[in-house]
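Listed here are the chains, written in short residue letters.
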Amino acid sequence: MKSAVILFPGTNRERDMIAALKKVTDAEPAIVWHAKTALPDGLDLIVLPGGFSYGDYLRAGAISARSPIMRDVVHRAEAGVPVLGVCNGFQALCEAGLLPGVLMRNASLKFVCREVRLEIVNAQTAFTHLYRPSQVIRCPVAHHDGNYFADEATLDRLEAESRVVFRYAQGSNPNGSQRDIAGIINEAGNVLGMMPHPEDLTDPLHGSTDGLALFQSIATTAQEKAA
Amino acid sequence: MLKNEIAITPELVADLGLKPDEYQRVLDLIGREPSLTELGIFSAMWNEHCSYKSSRKWLRTLPTTGPRVVCGPGENAGIVDIGDGQVAVFKMESHNHPSYIEPYQGAATGVGGILRDVFTMGARPVAALNALRFGAPDHPRTRHLVAGVVAGIGGYGNSFGVPTVGGEVNFHPRYNGNCLVNAFALGIADADKVFYSKAEGVGLPVVYLGAKTGRDGVGGSTMASAEFADDADEKRPTVQVGDPFTEKRLLEACQELMATGAVVAIQDMGAAGLTCSAVEMGAKGDLGVRLDLDAVPTRETGMSAYEMMLSESQERMLMVLRPEKRAAAEAVFKKWDLDFAEVGQTTNDLRFHVLRHGEEVANLPIKELGDEAPEYDRPWSELQKPAVLAADTVAEPADYGQALLQLIAAPDLCSRRWVWEQYDYLVQGNTVQRPGGDAAIIRVDGTNKGLAVAVDVTPRYVEADPREGGKQAVAEVWRNLTAVGAEPLAITDNLNFGNPEKPDVMGQLVAAIKGIGAACEVLAFPVVSGNVSLYNETSGEAILPTPAIAGIGLLPDVAQNAGIALEDDGDVILLAGALTGWLGQSIYLREIAGREDGGPPPVDLAAEKRNGDAIRKLIRAGRITACHDISDGGLLVALAEMAMAGERGANIHAPEGAAPLHALLFGEDQGCYLLAVAAEEAEAVIAALQNDDVPVQRLGTVGGADLVVEGTLAVPVKTLRTAHESWFPAYMGEI
């Protein structure tokens, strides 16, 4: 699987992400600096990892969404290349208009790092097909701005179209997100944004490998496509 | 003679924190009246914070060498060998005064400063800890300080991308006017890619890196070397403002820069900014330095030489560059949108020259400024040891269950989840043991090795008996590292005390250092870096003496570790170590009996080492399912913590011992551990411990939903958890 990880100034979870990708593919992920204007050819996956791009000094993800590389990210997304945005990456995908809604400051107004119980609402996506429908997994969150918000009509539509992929299981919403939404996918099903960090639960030393099936799902989808 | 537009009066000298005899020393040294800029430079270099003038004599007595020590105190951070050509680089530093004045920025820049100390040396920061002390919970300022300090530490560390994996928080009225914020950072580097601050070579360019210089923090380290009166709020302009985004870029740029081979010497700008960094690089290398301030990137116009030399703007560094690598070095900083400016050269005249607008504004002997600053042998008094408190003079609780619930919900013993959930303890993906245990563990990236980190001190012990308290702080760190299976390697100390000009306070400092040294010696646990913070007094009242000790330990196979959580029903619970029922200075005594007296529990260093070495062997052999040392609150609190962490009960009988039952259950005996082992292993583990001369007794078994001491108490673990988890959020007004 050929993947690219975008690096913005202030990105800080790229190492976690690369380590997780390496568990499911032998190919070294390409690290692409934000100031570049073109991604490598033939990608099976583009990842926007977590962090504090540009310090989150404007709205989280607002400046990185306007980085030079993002034009090509949008272009490839429209061409169907799978795109995964985690945490700050999710925020940037929303700011770039690839996903609807916005991530506001947590309802508690505090940063929160905590393991939550995460329900796989849609286990039929290219990113989640190795999970069981309605499976509840362990997954950590670590963010200050993870409070998902969209207008009622958008939320209704996301739910009607099975585009809410992850939900905080009952009682574990850490940030006040509307309808407990933790991750959503675009209409075409190739752009996924999520606040929790599956990459930090992929090794027995992490205490659990519940996050690994997400990366395995992506890798097997890529293999099937190649075959 | 340098031109001086401002008259140097005794008042001005005093305002800058120099004593009359120190000013006389300046006059004798340079043979003329100093310029204002020069006076500022002396004030910055010779203040307590930068010069350690009151403590140096005693710090020299500490053991600082060992087979694993690569670099001891004196550099930006200490360095120890962790095998396979890798080194661990670590240090702890205080940011007490700034945090009291402006908690968010004070704590944030404390974290920023310590991270810079570590990555200046070429290491990538991989873990952070912090040790926090606040005033009484009901003091009107405490809640504000807790909220701001915790948010500031998180705000900086989370954005920078270092996992903050542990620490400690205490409350006591003696910190009402002076909180303590001690920040620790650990980094990892390849042994052959470590960078030092000693400049080499004459005529080489001195380059300024990072963020621009502003007026923030002017005189910060001088402020930090004085007591507070009631005017602390007026000192807010001396606090710096942190920018973790710039620091993160500076880290990445430094890592790339160091790989180019361009760096001869590098030094971060911390306390006393440009002054301290330039003087240290020159003085260490037996060179002079010439700085042209007109070339320094500034954030605002019209800054005077004095302001620029004393600015403590953050996220800046100074380096001596190999001229042939200049283009490559500059390209790295351009890529990361950081300033890169040649601001001077090294010289061979051992002088520190500073130019502004083409005029020389300072011309000083560099050695005397740096490594020949004044040193004092301050008078100190031998402090009286408190009488040992007989356990049978302390009442038994009316209800043991209630007493336990009260203890685990007390401000000093309750869950710190509210604090550490604001820290990203997972970033970098190497966190193996998270906050809440005896020590945190991170994997060394790309290897099977692990590093454990812990920070400890029990200030009430140090207050009662500084020597025993100093010993105990070192022993407890060593024990906490051992309890997760690590081999303790070395420590960094952060000595927080009151005004050293008072013989009693100086006596505390001297005795604590003696105790620390004694423990380091026996435990083969050298001090490789540290920081001293004195004058922690407000309106004449000193803090509790607080020598915080942070240590690191190595796990050759990170998977062979132990946590505190009870994992399997049916496991046998053992007590290793000698239980005497020591109630003097215990939390039980304070919280239940309402007394703070007696001597602290003594540490038998030989037994400490024997017990710990035996337990580490068992953990590494995979024979222990859970391990927790006995500390604050005693045996029963330790067992309750194990039960809560594992969300399962335990059933024990009363431990054997000569003391009354409540003393055995709540006494804070040192060198003791609770262990859980599989039932079929129990006999063999007991035999192994006995074979190593470790006292051991079988206490009971794991299982059920309650914590039970037969015939004494039975409390549901859920009830314990609710009590333990509720205090902090309730105190912060969230439930």
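Anything mentioned here points back to the structure above.
This write-up is about the structure you can find in this document. (Residues numbered from 1 in each chain as written. Chains lettered and ligands numbered in written order. Predicted model: local features only at pLDDT ≥ 70, side-chain atom pairs only at ≥ 80, totals over all residues. Heavy atoms only, no water.)

1. Points about the overall build of chain B
So, point 1. Counting its regular elements, chain B contains 25 helices and 28 strands.
So, point 2. Relative to a compact globule of 735 residues, whose C-alpha radius of gyration would be 27 Å, chain B shows 26 Å and is just as compact.
So, point 3. Referenced to the eigenvectors of the C-alpha coordinate spread, the extents of chain B come out at roughly 85 × 50 × 45 Å.
So, point 4. Within the span of chain B, comprising 735 residues, buried residues form 66% of the whole.
So, point 5. Taking contacts inside chain B between residues at least 6 apart in sequence as the whole, the part at least 24 apart equals 85%.
So, point 6. Accessible surface, chain B: about 23500 Å² in total, of which carbon and sulfur atoms supply 49%. (Helix = DSSP H or I, 4+ residues; strand = E, 2+ residues; numbered from the N terminus. Rg over C-alpha atoms; globule rule 2.2 N^0.38 Å. Buried < 20%, exposed > 50% of the residue type's maximum accessible area, 1.4 Å probe, protein only. Contact = heavy atoms within 4.5 Å. Areas by Shrake-Rupley, 256 points an atom, 1.4 Å probe, with all protein chains shown as cover.)

2. Focus on the overall build of chain A
So, point 1. Along its length, chain A carries five helices and eleven strands.
So, point 2. Relative to the globule expectation of 17 Å for 227 residues, the C-alpha radius of gyration of chain A, 16 Å, shows essentially globular dimensions.
So, point 3. Within the span of chain A, comprising 227 residues, buried residues form 61% of the whole.
So, point 4. In chain A, of all internal contacts separated by at least 6 residues, the share reaching a separation of at least 24 is 75%.
So, point 5. For chain A, the computed accessible surface area is about 8600 Å², with 50% contributed by carbon and sulfur atoms.
So, point 6. Considering chain A, the positive charge centre built from 21 side chains and the negative charge centre built from 25 side chains are found 3 Å apart. (Lys, Arg positive; Asp, Glu negative; His and termini not counted. Charge placed at Lys NZ, Arg CZ, Asp CG, Glu CD.)

3. Observations concerning the sheet that holds strand 17 (residues 487–496) of chain B
All names here are of chain B.
So, point 1. Across the sheet, six strands lie side by side as 14-15-16-21-17-18; this open sheet has mixed pairing. If you trace the sheet from one side to the other, it starts and ends with strand 14 (431–433) and strand 18 (527–533), each paired once. Each adjacent strand pair in this sheet contributes to an overall mean axis angle of 20 degrees, direction not counted.
So, point 2. Here seven bridges tie strand 16 (residues 450–456) to strand 21 (residues 546–555), and the two strands are oriented antiparallel to one another. Paired with Ala454 across the strands is Gly551, a residue of strand 21.
So, point 3. In this fold helix 18 (residues 466–483) packs onto strand 16, strand 17 and strand 21, with an angle of close to 150 degrees to the strand it touches most, strand 16. (Pairing = 2+ DSSP bridges. Axes fitted to C-alpha atoms, helices over the stretch in contact; angles between N-to-C directions.)

4. Points about the sheet that holds strand 11 (residues 191–194) of chain A
Residue and element names in this part refer to chain A.
So, point 1. Judged by pairing direction, the sheet is mixed, and its nine strands sit side by side in the order 2-1-3-4-11-10-9-6-7 without closing on themselves. Lying at the two open borders of the sheet, with one neighbouring strand each, are strand 2 (30–33) and strand 7 (136–143). Sheet twist, expressed as the mean angle between neighbouring strand axes with direction ignored, is 25 degrees.
So, point 2. Running at roughly 175 degrees to strand 1 (residues 3–7), helix 1 (residues 14–22) makes contact with strand 1, strand 2, strand 3 (45–48) and strand 4 (83–86) of the sheet.

5. Let's talk about the pairing of strand 28 (residues 713–716) of chain B
All names here are of chain B.
So, point 1. Covered by surrounding structure in strand 28 are Leu713 and Val715 only, the residues Ala714 and Pro716 on the alternate face being uncovered.
So, point 2. Note: strand 27 (residues 706–709) against strand 28, four bridges, orientation antiparallel. Each residue of the ladder has a partner; that of Asp706, found in strand 28, is Pro716.
So, point 3. Count of turn residues in the strand 27/strand 28 antiparallel hairpin: three residues, of which Gly711 carries a positive phi of about 75 degrees.

6. Topic: the interface of chain B and chain A
So, point 1. Counting from both sides, the interface comprises 30 residues of chain B and, opposite them, 25 residues of chain A.
So, point 2. Interface of chain B and chain A: buried area, both sides summed, is about 2400 Å²; carbon and sulfur atoms make up 53% of it.
So, point 3. Counting residues per element, the ones that place at least two in the side of chain B that touches chain A are helix 8 (142–160), helix 10 (244–259) and strand 14 of chain B.
So, point 4. Top contributing element to the side of chain B that touches chain A by residue count: helix 10 of chain B, with four residues. (Buried area = accessible area lost by both parts, 1.4 Å probe.)

7. A look at the packing of aromatic side chains
Residues and elements named next belong to chain B.
So, point 1. Across all of its chains, the model carries 20 aromatic pairs over all chains by this definition.
So, point 2. Measuring from ring centre to ring centre gives 6.0 Å for Phe333 and Phe340, while their planes differ by 50 degrees; the resulting arrangement is tilted.
So, point 3. Relative accessible area serves as the criterion here: at 0%, Phe333 is assigned to the buried category.
So, point 4. Phe340 sits in the buried class, given a relative accessible area of 11%. (Phe/Tyr/Trp six-rings, centres within 6.5 Å; stacked < 30°, edge-to-face > 60°.)

8. What about the pairing of strand 11 of chain A?
All names here are of chain A.
So, point 1. In strand 11, alternate side chains face the same way, and those of Val191 and Gly193 on one face and Leu192 and Met194 on the other are all buried.
So, point 2. As paired elements, strand 4 and strand 11 share four bridges and run parallel to each other. From the neighbouring strand, Gly85 faces strand 11, where its bridge partner is Gly193.
So, point 3. One ladder, built from three bridges, connects strand 10 (residues 181–185) with strand 11; its direction is antiparallel. In the sheet register, Ile184 faces strand 11, and the bridge partner there is Gly193.

9. Focus: the pattern of salt bridges
So, point 1. What the rule picks out here adds up to 66 salt bridges over all chains.
So, point 2. The closest approach of N and O atoms between Arg60(B) and Glu375(B), which form a salt bridge, is 2.5 Å. In this pair, Arg60(B) is assigned in the loop between helix 5 (56–59) and strand 1 (69–71) and Glu375(B) in the loop between helix 14 (366–369) and helix 15 (400–408), connecting sequence segments 315 residues apart.
So, point 3. Look at Glu375(B) and you get partly exposed, because its relative accessible area is 33%.
So, point 4. Arg460(B) serves as the salt-bridge partner of Glu668(B), at 2.8 Å between the closest nitrogen and oxygen. In this pair, Glu668(B) is assigned in the loop between helix 23 (661–666) and strand 25 (673–677) and Arg460(B) in helix 17 (residues 459–464), connecting sequence segments 208 residues apart. Note on accessibility: Glu668(B) and Arg460(B) belong to one class, buried.
So, point 5. Each of Glu152(A), Asp156(A), Glu159(A), Arg167(A) and Arg179(A) takes part in salt bridges that share partners, so that together they form one network. (Salt bridge = Lys/Arg side-chain N within 4 Å of Asp/Glu carboxyl O.)

10. Some remarks on the environment of Glu421(B)
So, point 1. Secondary-structure assignment places Glu421(B) in the loop between helix 16 (417–420) and strand 14.
So, point 2. Taking the C-alpha atoms as reference points, Glu421(B) and Pro435(B), separated by 14 residues in sequence, lie 9.1 Å from one another.
So, point 3. When sequence neighbours within four positions are dropped, the list of residues in contact with Glu421(B) reads Phe111(A), Val112(A), Cys113(A) and Arg114(A).
So, point 4. Within the structure, Glu421(B) has its side chain in polar contact with the side chain of Arg114(A) (distance 2.8 Å). (Polar contact = N/O pair within 3.5 Å; in protein donor to acceptor, adjacent residues only side chain to side chain.)

11. Digging into the packing of helix 19 (residues 503–523) of chain B against helix 21 (residues 605–620) of chain B
Residues and elements named next belong to chain B.
So, point 1. Closest axis-to-axis distance for the helix 19/helix 21 pair is 10 Å, and the angle between their directions is 40 degrees. Relative to helix 21, helix 19 is oriented oblique. Judged by the twist between their axes, the crossing of helix 19 over helix 21 is right-handed. Along the contact surface, helix 19 presents Ala518, Ala519, Val522 and Leu523, while helix 21 presents Leu605, Ala606, Glu608 and Lys609.
So, point 2. Grouping the amino acids of the contact of helix 19 with helix 21 by side-chain chemistry returns six nonpolar, no polar and two charged. (Parallel < 35°, antiparallel > 145°, perpendicular 65-115°, else oblique. Left-handed = near helix turned anticlockwise from the far one by under 90°. Nonpolar A, V, L, I, M, F, W, Y, C, P; charged D, E, K, R; others polar.)

12. With respect to unusual backbone geometry
Residue and element names in this part refer to chain B.
So, point 1. In the Ramachandran plot, Glu647 falls in the positive-phi region, its phi being about 50 degrees despite a non-glycine side chain.
So, point 2. Tracing the chain through its elements places Glu647 in the loop between helix 22 (634–646) and strand 24 (650–652).
So, point 3. What makes Glu647 exposed here is its relative accessible area of 59%.
So, point 4. One non-glycine residue, Asp693, lies in the positive phi region at around 60 degrees.

13. Observations concerning the side chain of Thr164(B)
Residue and element names in this part refer to chain B.
So, point 1. Within the secondary structure layout, Thr164 lies in strand 5 (residues 164–171).
So, point 2. A residue is classified by how much of its surface remains accessible, and Thr164, at 2% relative accessible area, is buried.
So, point 3. Excluding its chain neighbours within four sequence positions, the residues that come into contact with Thr164 are Ala128, Asn130, Tyr423, Asp424, Tyr425 and Pro435.

14. A few points about the side chain of Asp424(B)
So, point 1. Structurally, Asp424(B) is set in the loop between helix 16 and strand 14.
So, point 2. From its side chain, Asp424(B) meets the backbone nitrogen of Leu426(B) in a polar contact 3.1 Å long.
So, point 3. Those residues in contact with Asp424(B) that lie beyond four places of it in its chain are Arg13(A), Phe111(A), Cys113(A), Ala142(A), Asn158(B), Val162(B), Pro163(B) and Thr164(B).

15. Quick word on empty space enclosed by the protein
Leftover empty space is mapped by rolling, across the atoms, a probe with the size of a water molecule.
Residue and element names in this part refer to chain A.
So, point 1. Tallied over the entire structure, the rule returns seven cavities of 30 Å³ or more.
So, point 2. In this structure, the largest cavity encloses a volume near 90 Å³.
So, point 3. Gly51, Phe52, Cys87, Ala142 and His143 are the residues nearest the centre of the largest cavity, which is lined by 16 residues in total.
So, point 4. Mapped onto the lining of the largest cavity, the elements with two or more residues apiece are helix 3 (88–95) and strand 7. (1 Å grid on protein atoms, 1.4 Å probe; cavity = no way out; pocket = protein on both sides within 12 Å on 5 of 7 lines; lining within 4 Å. Points joined across faces, edges and corners; volume = space filled by probe spheres on them.)

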